[in-house]
Amino acid sequence: MTGREEILHLLAKYHRFILGCHLHPDGDAIGSLLALGLALETAGKDVAMVVPGGVPVIYRFLEGTEKILPAPSLTPEVIIALDCADRERLLLPETVFASGAPVINIDHHLSNSMFGDFNHVFPEAAATGEIVHDLLIGGGFALDKRIAEAIYTAVATDTGFFRFSNTSGRVFALAAGLVATYGISPSRIAEEVYEERSYDSLRLLGEVLSTLRLAEDGKVAWMAMSRQLMVLYPVPLEETENFVNSTISIRGVEVGLFFKEVGPEETKVSWRSKIAVDVSRLAAHFGGGGHARAAGCTIKAPLAQAIDQVLLLLREYYAGAGLKNTAEEERERV
Ligand code: 5GP
Ligand code: MN
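Calculation criteria
- Residues numbered from 1 in each chain as written.
- Chains lettered and ligands numbered in written order.
- Predicted model: local features only at pLDDT ≥ 70, side-chain atom pairs only at ≥ 80, totals over all residues.
- Heavy atoms only, no water.
- Helix = DSSP H or I, 4+ residues; strand = E, 2+ residues; numbered from the N terminus.
- Buried < 20%, exposed > 50% of the residue type's maximum accessible area, 1.4 Å probe, protein only.
- Polar contact = N/O pair within 3.5 Å; in protein donor to acceptor, adjacent residues only side chain to side chain.
- Contact = heavy atoms within 4.5 Å.
- Pairing = 2+ DSSP bridges.
- Axes fitted to C-alpha atoms, helices over the stretch in contact; angles between N-to-C directions.
- Near = heavy atom within 4 Å.
- Areas by Shrake-Rupley, 256 points an atom, 1.4 Å probe, with all protein chains shown as cover.
- Domains from an automatic or database assignment.
- Core = buried A, V, L, I, M, F, W, Y, C linked by side-chain atoms within 4.5 Å.
- Phe/Tyr/Trp six-rings, centres within 6.5 Å; stacked < 30°, edge-to-face > 60°.
- Lys NZ or Arg CZ within 6 Å of the ring centre and 35° of its normal.
- Donors = N, O, S within 2.8 Å, 3.2 Å for Na, K, Ca; no water.
- Expected span 1.5 Å × (residues − 1).
- Salt bridge = Lys/Arg side-chain N within 4 Å of Asp/Glu carboxyl O.

**Here we look at the side chain of Thr65**
- Summarising the element assignment, Thr65 is placed in the loop between strand 2 (46-49) and strand 3 (78-82).
- By relative accessible area, Thr65 is classed as buried at 6%.
- A polar contact is formed between the side chain of Thr65 and the backbone oxygen of Arg60, at a distance of 3.3 Å.
- Discounting chain neighbours no more than four positions away, the residues touching Thr65 are Ile30, Leu34, Val55, Tyr59 and Arg60.

Here it is in structure tokens:
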């Protein structure tokens, strides 16, 4: 692990940075990338903030996202990965790594593979945005309203707008400070992220909800989105990000699953949990990962088969087949 002082030393010493985040960027990925990128730029550094597929539409309200480009505009001295658990999910063109520049890995995923040359990884942080904020304060970087909004969005989205179990006193103090000092508007940010959806995305949610089923005596709830539905209601994938929350909102449900048929032989699974089920460990059985309460994986199988495979694993889990490594045990290990 690389401590804050050493990371700050690297940020001060070098001048050309490429910043990237994880595949299918969410609010924390975009927010932490933008906050660090803008702060480095204000400090006089050359910065390329890179998201190859472009910034998801729902985050484009953030001032500064127009500076995030699909390809790097410089040869880096340092590459910084934000909110990214492993190298394979880092959304940067391979050519970037040809430079041989060292990689700084700044993240909060429990399952982080420590793929960087410098790893600044804190699973106890609610969001990568919280870690970036700590770095910016520690390094004496100048914050402004754009940076404050980016950090707020990162922390707000990763805590489900201050609802999930990672919502700590620290998170509230951080958010309160940003609102009080920079005059950002929590209601506007919540509206931009959650209330700018298309008509089609709500109609799609209706169709997806009609696939909702229970398993394991009501401890598991799952629902699925077929290619057919995605063709019928063509909405960007990020607008379906929150669909999974419906599964976990059911009384008695411990594990909620949302299956998306992203290709003919490819199914993306979103995992959510309440109480003591660590879904990052279950998702790891399919090569995925994430956090104890929110994880994901991609299974190379058609939708129906992927559903069968996951439900079988959950059957084994609930039958006590040696998979009961709970979030509590995980915490004890740290
Ligand atoms: P989501 O279900 O919203 O896509 O992802 C939930 C969490 O799991 C996020 O923190 C995300 O980074 C992580 N995650 C999602 N898919 C994968 C995956 O395929 N591999 C790994 N390692 N993490 C994932
Ligand atoms: Mn995150």
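**Section: the sheet that holds strand 5 (residues 118-121)**
- Strand order across the open sheet formed by 5 strands is 2-1-3-4-5, with parallel pairing between neighbours. Every other strand in the sheet has two partners, leaving strand 2 and strand 5 as the edge strands with one partner each. Averaged over all pairs of adjacent strands, the angle between their axes in this sheet comes to 15 degrees, without regard to strand direction.
- Here helix 1 (residues 4-13) sits on the sheet and contacts strand 1 (16-21), strand 3, strand 4 (103-107) and strand 5; the angle it forms with strand 5, its principal contact strand, is near 125 degrees.
- Lying on the sheet, helix 2 (residues 27-42) is in contact with strand 1, strand 2, strand 3 and strand 4; it crosses strand 1 at an angle near 170 degrees.

**Some thoughts on the site of ligand 1**
- Near ligand 1, the surroundings consist of 14 residues, among which His109, Lys268, Ser270, Arg272 and Gly289 are the closest.
- When ligand 1 is considered free in solution it has 490 Å² of accessible area, and contact with the protein chains removes 86% of it.
- Sorting the residues of the shell around ligand 1 by element identifies strand 9 (266-273), strand 10 (289-290) and strand 11 (294-299) as the ones contributing at least two each.
- In terms of residue count, strand 11 provides more of the shell around ligand 1 than any other element does, 4 residues in total.
- Taken domain by domain, the makeup of the shell around ligand 1 includes at least three residues from each of domain 1 (4-194) and domain 2 (200-329).

**Notes on the sheet that holds strand 6 (residues 213-215)**
- Pairing is mixed in the open sheet, where 6 strands are placed in the order 6-7-8-9-11-10. The outermost strands of the open sheet, each flanked by one partner alone, are strand 6 and strand 10.
- Strand direction decides the pairing type here: strand 9 and strand 11, joined by 6 bridges, are antiparallel. Within strand 11, the residue paired with Val269 across the bridge is Cys297.
- Contacts from helix 8 (residues 199-209) reach strand 7 (220-225) and strand 8 (255-263), with the element oriented near 130 degrees to strand 7.
- Of the strands in this sheet, strand 6, strand 7, strand 8, strand 9 and strand 11 are in contact with helix 12 (residues 303-318), which crosses strand 8 at around 155 degrees.

**A few points about the nonpolar core**
- Leu11, Leu19, Leu36, Leu40, Ile80 and Leu136 are the most contacted members of the largest nonpolar core, which totals 57 residues.
- For this core, the element with the highest residue contribution is helix 2, accounting for 9 residues.
- In this view, Leu19 contacts Leu33, Leu36, Gly37, Leu40, Val47, Ala48, Met49, Val50, Ile80, Leu82 and Leu92; residues no more than four positions away in its chain are not counted.
- By size, the runner-up hydrophobic cluster in this structure holds 27 residues, among which are Val269, Val279, Ala306 and Tyr318.

**Quick word on the packing of aromatic side chains**
- Throughout the structure, instances matching the rule amount to 7 aromatic pairs.
- Through a chain of ring-to-ring contacts, three or more aromatic side chains come together here, namely Tyr152, Phe162 and Phe172.
- Positioned over the ring face of Phe97 is Arg87, at 3.8 Å from the centre of the ring.
- Taking the ring centre of Tyr318 as reference, the NZ or CZ of Lys219 above it sits at 5.4 Å.

**Quick word on the coordination of the manganese ion (ligand 2)**
- Those donors, Asp28 (OD), Asp83 (OD), His108 (NE2) and Asp158 (OD), are the protein atoms that reach the manganese ion (ligand 2), and they lie 2.2 to 2.3 Å from it.
- Read in sequence order, the donor residues for the manganese ion (ligand 2) give the motif D-x54-D-x24-H-x49-D. Placement of the pair is Asp28 in helix 2 and Asp158 in helix 5 (residues 145-158), with a sequence separation of 130 residues. Each of the two residues, Asp28 as well as Asp158, counts as buried.

**As for helix 5**
- Here helix 5 spans 20 Å end to end across 14 residues, near enough to the 20 Å set by a 1.5 Å rise per residue.
- Immediately beyond the C-terminal end of helix 5, within one or two residues, lies Gly160, with a positive phi of roughly 60 degrees.

**A word on the pattern of salt bridges**
- All told, the structure shown has 9 salt bridges when counted by the stated rule.
- One salt bridge connects Glu41 with Lys67, and the closest N-O pair in it is separated by 3.0 Å. With Glu41 in helix 2 and Lys67 in the loop between strand 2 and strand 3, this pair connects stretches of sequence that are 26 residues apart.
- Close ionic contact of Glu216 with Arg315 constitutes a salt bridge, the shortest N to O distance being 3.1 Å. Remark: Arg315 occurs in helix 12 and Glu216 occurs in the loop between strand 6 and strand 7; sequence separation between them is 99 residues.
- Using a relative accessible area of 18% as the deciding quantity, one classes Glu216 as buried.

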